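# Summary of the model geometry
Spelled out from the first residue to the last, the chains are:
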Protein chains: 4
Amino acid sequence: MAGNTFGKLFRVTTFGESHGAAMGCVIDGCPAGLELSIADIETELKRRRPNSASGSRDEVDTPEILSGVFEGKTLGTPIAIVVRNTNQNSADYDALKDIYRPGHADFTWEAKYGSRDHRGGGRSSGRETLCRVAAGATAKKLLARDGINIRAWTSSIAGLKMPVPGEDGFIFDEIERNPLRVPADAQEVMTKIEALRKEGDSAGGIISCQITGVPVGLGEPVFDKLDARLAAAILSIGACKGIEFGAGFAAAAMTGSENNAADNSGGILGGISTGQEIFFNAAFKPTPSIGKPQKTKDKDGNMREIEIKGRHDVCIVPRAVPVVEAMAALVLADFMLLQRAARLQPG
Amino acid sequence: MAGNTFGKLFRVTTFGESHGAAMGCVIDGCPAGLELSIADIETELKRRRPNSASGSRDEVDTPEILSGVFEGKTLGTPIAIVVRNTNQNSADYDALKDIYRPGHADFTWEAKYGSRDHRGGGRSSGRETLCRVAAGATAKKLLARDGINIRAWTSSIAGLKMPVPGEDGFIFDEIERNPLRVPADAQEVMTKIEALRKEGDSAGGIISCQITGVPVGLGEPVFDKLDARLAAAILSIGACKGIEFGAGFAAAAMTGSENNAADNSGGILGGISTGQEIFFNAAFKPTPSIGKPQKTKDKDGNMREIEIKGRHDVCIVPRAVPVVEAMAALVLADFMLLQRAARLQPG
Amino acid sequence: MAGNTFGKLFRVTTFGESHGAAMGCVIDGCPAGLELSIADIETELKRRRPNSASGSRDEVDTPEILSGVFEGKTLGTPIAIVVRNTNQNSADYDALKDIYRPGHADFTWEAKYGSRDHRGGGRSSGRETLCRVAAGATAKKLLARDGINIRAWTSSIAGLKMPVPGEDGFIFDEIERNPLRVPADAQEVMTKIEALRKEGDSAGGIISCQITGVPVGLGEPVFDKLDARLAAAILSIGACKGIEFGAGFAAAAMTGSENNAADNSGGILGGISTGQEIFFNAAFKPTPSIGKPQKTKDKDGNMREIEIKGRHDVCIVPRAVPVVEAMAALVLADFMLLQRAARLQPG
Amino acid sequence: MAGNTFGKLFRVTTFGESHGAAMGCVIDGCPAGLELSIADIETELKRRRPNSASGSRDEVDTPEILSGVFEGKTLGTPIAIVVRNTNQNSADYDALKDIYRPGHADFTWEAKYGSRDHRGGGRSSGRETLCRVAAGATAKKLLARDGINIRAWTSSIAGLKMPVPGEDGFIFDEIERNPLRVPADAQEVMTKIEALRKEGDSAGGIISCQITGVPVGLGEPVFDKLDARLAAAILSIGACKGIEFGAGFAAAAMTGSENNAADNSGGILGGISTGQEIFFNAAFKPTPSIGKPQKTKDKDGNMREIEIKGRHDVCIVPRAVPVVEAMAALVLADFMLLQRAARLQPG
């Protein structure tokens, strides 16, 4: 129980079911004196919304700050942010009440708690990530003061690989203007996605993340290593199935001399930041909500055919980009505060 | 700070530097009444020791249980286990006092804390994993009562892939008899390792882990999902650079219909165990301690050549197998206890 | 930082400033399947409101459950409860912007965070206890299923002592009908309070609390003993200056034979519940907001005279009774869940 | 479960049963660079040992630092301290295997865990406080750098009151030379104690504690207020039955104007330190181990007569003085580190 809080000093608690009254978060431990406005939150929430490429239904998310900010600055008290759920039609989900969608958490959730809110996945909905983004916006604001910058992008969709920073065509400023958040011409990928949409199918992908400006020394060995905490943060995002730092799985096939020479660490050694860029890749499975008819089990254990109605994202990866950034920001903000306790202060 | 405790209800705190007086752990929260003997601990510690294949210096690790066990059973009080460091020759490390070994945590550790125990890496030494194995042995004992079984093996070394369970030649009982913990004839791998040893080089690899007997319902969304916590556990092991669950990175290239059909979830959906086998792969970089001369920086920022003396493991992956199992066991034991609080008990 | 969460498994995070947009709480870890309605929350919130005896301004507190409850039962997900602040007139507090009220947290709060919301004490306001009561209502509901009943009352005001359970005139059902929550004829106390009101002064008092139906075995030695956690819970209520269990301070003057014979333990031995009634007293200082002119310091360190305007409670003790119960309920609910992990379950 | 860790950033985990192999603690989160020697630990442990006045059996406690200190300074890694149990005669306790001593935790402990180490109370023994003192010695060293000084003394035994600081005869330096740690001529008290010893009876008392040099701003509202955390710390000491801050219970009988004028806050307002002296009293019940024959229950629920053999402290209060100081030190050290995260650092 009680798995809805993240962080030690910069602590975030989130709440909300997809078709309940509201989603929200409480940020406890943000230092006092930080400038924070509703616009800071809205900017990030907007990045998470569906666009022309995703093809799913849009919902205007209007955040409200209920506490913790006074005269434009944080008070050091909990910052509560709430977003009402408005674009919800619960009746759409009546057909799913007694059936478990393949690849979704319907079955496990019900097995764990004995019941579930079946409307839109309830708390296991992707809509839950909205709260992470709202909290992450605050963390980013805090990190920006220290020059820490977190940028993620879509580095692969449906097996199609994209350039990496430094390679041809990679311009960070272009990524946000691109509906798929890919660092290059998106035509081939768009064609693939459109084909999948017509087939009622979906695609997965890989998100890469680069963090610059991180001082040396962040991370708390031996269990709260920087990479360990980042891994937990990113793997806690629905649909994420893997993470690798620096050369990652490729490093496992190298020799020590190759790997030592190549600076493949991803900016982390012994679980502590080196002061260089942090780099990781995260794998996201294709969204399991597809239009094609599928076989699945109902509550009574009978095999049934299911056809998931409505418009769903063919590929949620571009919309997961700000979520990955947000979770990374929560981790970094926490470690920045923790690091203040690492050493004696000058006497 | 304070990153040396792992878990919420089944909590483990470890301590010890490689060349200090002792290594140890304190397990708080193990339920009362569990049969536990020093032999249970020794059996697992022995699995972590070097063998003919690893080629590094052996050290007999003799654990002592200082508390928490009375008349052969746990009391519900903290179980402290200590292992004295005996086979240590600190003078060997005098040359490393003012120099940072490439790929090691020497530099980051010193930058974080302002000082470090340079002898054998201090707390960043691989010897730290001994405490994880000792604690994991206790967790395994607890899990075994509920029929949960954790088995890891070497599924790749230096890029050479091994069979997976179900494929030809894979017999779990053979793995432990095999010095490399590979599930097949090890001759090709041994030849590769011997070649690397002669060159003064090292190899990385991949460890796979299968967990059977896990009931449906373990994991605490949204942040303490089962895969998120396993990821943190495994990435907290030194040299681990990545993890993937089920089909992992390969799933990112599949379509939704392919992935839904293939049961690629790795036994976890929505962060909660499905009741099926849990499966993950973890990537380990080649050990950075190599015999070949390397360039590195010293304390004053000067480039110097370093040659790391002594006998080191060419590939630590086989020895990391029981460490992976131990960390997985700590996660599972914790979630088994947490799950007891998920629902109302019958009135 | 991050001191706004209480509990380990039954965890409550509260937020809100007195004159901000809203107060609220998030309860994470309440088991799934518990019947919970808005009426359960309202009933307890109503007990906290001012009445004829307190004489302060009333504010209708209308709670809304934003998440975690579906079809009348808890989901096992976070339960967010919000109460809008409506009866607020921030202009009333302009005069207090640059001055520190004596006996209040104005000075310490500003010194800690570098700023504060001066309107009505901001987060240090007594209004913050509203969130505790809302969360406590949920905990009480959970405890009631197991037959645990928490009842507090005013056992002393302004030095005037009241009967204790078992003595003449003590009827639990009468206490709630009594505006001062005293277990006897309140005339003498009311007369005293009216006299203080005329003088522009205030009174403190003692709240006693009796918890019945607690099973033997709750509490987690050695640091999270039941009495230790209850002490932290009650002392975290503003204005509380002391707590004693069983015979408390009087026991310090007894001999061992007297104390052993008298069963003075207050239902707790070695930090674990004995199965008997739990009993404690908590001391509350007189509210520092008094009408009489007082000397105090302003922001620049100058001594100034302050006269606190508006209608304030002469004695907040009766209104603190449901707050004491709420905090005790949070502690008990947490330990009930923790106790599930104490022993092996039958194999 | 898992109640054997104290603190958030300066975290202490203790272990050990009275007649097991050893007692010990692991301190995680002590900043790197602090000078710490075995003598620092021994000095405090010696203060906890019995003396001529206490009359109980002495045991030489020889601490060993197993980790976390290198070349005389803390490394920032966990500091493990172990003390072997040597003066133990388990056979003494065979008669207590099936019987519950009155006023002790024998019954509750066994009811909770289903078993217990009956030898000398196992983990519920007063010997457990040794670990607190060892950890507290480290915290004191850290606090001393910042000029924070914690001094406790016996302010009452068996109902006999002692002077308070500022009154006649109170000299702090005298207290430690006095076997009862009273701030005045101890003759009357010694006479009382000798009389009780002859009768086979025991006495309780009150410990007062004064903390100087605390900066304004420590404490984390709303749940981790400084007084709330101190209360939990002190109430977690066996035999402690109550605590009060500043005027405490006496304040409950005052008027607001009296209390505001008198500066009765005990150095804490709104849960945050004011920068003035912190002051609290803690009540300790008489030790329940008395020579007089008593009635009690055995395992089968039968009433039996029990006579507790051996030499026991007539009054454990003087020996609890360093324990109170140690626990207060752990709280203060934790809040000193936490406070570093309260505000933005200059940009």
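Before reading on, note that the structure itself is shown above.
About the cut-offs
- Residues numbered from 1 in each chain as written.
- Chains lettered and ligands numbered in written order.
- Predicted model: local features only at pLDDT ≥ 70, side-chain atom pairs only at ≥ 80, totals over all residues.
- Heavy atoms only, no water.
- Helix = DSSP H or I, 4+ residues; strand = E, 2+ residues; numbered from the N terminus.
- Rg over C-alpha atoms; globule rule 2.2 N^0.38 Å.
- Buried < 20%, exposed > 50% of the residue type's maximum accessible area, 1.4 Å probe, protein only.
- Contact = heavy atoms within 4.5 Å.
- Buried area = accessible area lost by both parts, 1.4 Å probe.
- Salt bridge = Lys/Arg side-chain N within 4 Å of Asp/Glu carboxyl O.
- Polar contact = N/O pair within 3.5 Å; in protein donor to acceptor, adjacent residues only side chain to side chain.
- Nonpolar A, V, L, I, M, F, W, Y, C, P; charged D, E, K, R; others polar.
- Pairing = 2+ DSSP bridges.
- 1 Å grid on protein atoms, 1.4 Å probe; cavity = no way out; pocket = protein on both sides within 12 Å on 5 of 7 lines; lining within 4 Å.
- Points joined across faces, edges and corners; volume = space filled by probe spheres on them.
- Least-squares fit on C-alpha atoms with pLDDT ≥ 70 in both.
- Axes fitted to C-alpha atoms, helices over the stretch in contact; angles between N-to-C directions.

## As for the overall build of chain A
Helix and strand counts for chain A come out as eight helices and 16 strands. Rg of the C-alpha trace for chain A: 21 Å, near the compact-globule value of 20 Å for 347 residues, within the 12% margin. For chain A, the spread of C-alpha atoms along the three principal axes comes to 70 × 50 × 35 Å. Residues classed as buried in chain A amount to 67% of the 347 residues present. Residue pairs in contact within chain A that sit at least 24 positions apart in sequence constitute 72% of those at least 6 positions apart.

## Focus: the environment of Tyr93 of chain B
Residues and elements named next belong to chain B. Among the structural elements, Tyr93 can be located in the loop between β7 (79-84) and α2 (106-113). Sequence separation of Tyr93 and Gly121 is 28 residues, and the distance between their C-alpha atoms is 9.1 Å. Those residues within four positions of Tyr93 in sequence are excluded, and the remaining contacts are His19, His118, Arg119 and Gly120.

## Describing the interface of chain D and chain C
Contacts between the two partners involve 93 residues from chain D and, on the opposite side, 93 residues from chain C. Together, Lys112, Phe223 and Lys241 of chain D form the three largest contributors to the area buried by chain D at its contact with chain C, with a combined 13%. Run the count over chain D and chain C and you get two salt bridges. Lys112 of chain C serves as the salt-bridge partner of Glu220 of chain D, at 3.1 Å between the closest nitrogen and oxygen. On inspection of chain D and its partner chain C, the count reaches 43 residue pairs in polar contact (both at pLDDT 80 or more). For the side of chain D that touches chain C, the leading source of residues is helix α2 (residues 106-113) of chain D, giving seven residues. Here the residues of the side of chain D that touches chain C are counted per class, giving 45 nonpolar, 32 polar and 16 charged. In this sheet, strand β11 (residues 240-245) of chain D lies alongside strand β11 (residues 240-245) of chain C in antiparallel orientation, the contact comprising three bridges. Across the sheet, Gly242 of chain C pairs through a bridge with Glu244 of chain D, a residue of β11 of chain D.

## Side note on empty space enclosed by the protein
As enumerated under the stated definition, the model contains 12 cavities of 30 Å³ or more in all. Computed from the structure, the largest cavity encloses a volume of approximately 1,400 Å³. Taken together, 47 residues form the lining of the largest cavity, with Lys8 and Arg11 of chain A, Arg11 of chain B, Arg11 of chain C together with Arg11 of chain D sitting closest to its centre. Of all the elements in the fold, those that place two or more residues in the lining of the largest cavity are β1 (5-6) and α6 (226-235) of chain A, β1 (5-6) and α6 (226-235) of chain B, β1 (5-6) and α6 (226-235) of chain C together with β1 (5-6) of chain D. Class assignment for the residues of the lining of the largest cavity results in 23 nonpolar, eight polar and 16 charged.

## Describing the interface of chain D and chain A
With 17 residues of chain D at the interface, the matching set in chain A holds 17 residues. Taken over both partners, the interface formed by chain D and chain A buries close to 1,500 Å², and the fraction arising from carbon and sulfur atoms is 56%. Between the two partners, chain D and chain A, sit zero salt bridges. Counting every contact that joins chain D to chain A gives seven residue pairs in polar contact (both at pLDDT 80 or more). Secondary-structure elements contributing two or more residues to the side of chain D that touches chain A are α3 (129-145) and α8 (317-339) of chain D. In the side of chain D that touches chain A, the residues fall into 11 nonpolar, three polar and three charged.

## Some details on the sheet that holds strand β14 (residues 278-284) of chain B
Overall, antiparallel pairing links the 10 strands, which are arranged β9(A)-β8(A)-β10(A)-β14(A)-β11(A)-β11(B)-β14(B)-β10(B)-β8(B)-β9(B) in an open sheet. Since the sheet does not close on itself, it has two edges, and those belong to β9 (160-161) of chain A together with β9 (160-161) of chain B, each with one partner. Where strand β10 (residues 205-212) of chain B meets β14 of chain B, seven bridges bridge the pair, whose relative direction is antiparallel. Among the inter-strand pairings, Gln210 of chain B is bridged to a residue of β14 of chain B, identified as Phe279 of chain B.

## Concerning the pattern of salt bridges
Taken as a whole and judged by the stated rule, the model has 97 salt bridges over all chains. Here Asp298 of chain A ties to Arg304 of chain A by a salt bridge, and the two come within 3.5 Å at their closest N and O atoms. Relative accessible area serves as the criterion here: at 7%, Asp298 of chain A is assigned to the buried category. Judged by relative accessible area, which is 35%, Arg304 of chain A ranks as partly exposed. Lys299 of chain D is the salt-bridge partner of Glu110 of chain D, the closest N and O atoms lying 3.2 Å from each other. Taken together, the positions of Glu110 of chain D in helix α2 and Lys299 of chain D in the loop between β15 (294-297) and β16 (303-306) put the pair 189 residues apart, joining distant regions of the chain. Using a relative accessible area of 41% as the deciding quantity, one classes Lys299 of chain D as partly exposed.

## Concerning the relation of the copies chain D and chain C
Of the transformation superimposing chain D on chain C, the axial component is 0.0 Å and the angular component is 180°, with the fit at an RMSD of 0.0 Å. Both copies of the chain, as the preceding transformation shows, are related through a two-fold rotation axis. For chain D, the residue whose C-alpha comes nearest the rotation axis is Ala232 of chain D, separated from it by 2.5 Å. Most of the interface of chain D is mirrored in chain C, where 100% of its interface residues are also at the interface.

## As for the sheet that holds strand β3 (residues 22-28) of chain A
Residue and element names in this part refer to chain A. On the basis of which strands lie adjacent, the open sheet formed by five strands has the order β1-β2-β3-β7-β4 and antiparallel pairing. Bordering the open sheet on either side are β1 and β4 (63-65), each of which pairs with just one other strand. Where β1 meets strand β2 (residues 11-15), two bridges bridge the pair, whose relative direction is antiparallel. When the sheet's bridge partners are listed, Thr5 is paired in β2 with Thr13. Against the sheet, helix α1 (residues 38-48) touches β4 and β7 (79-84), its axis set at about 150° to β4.

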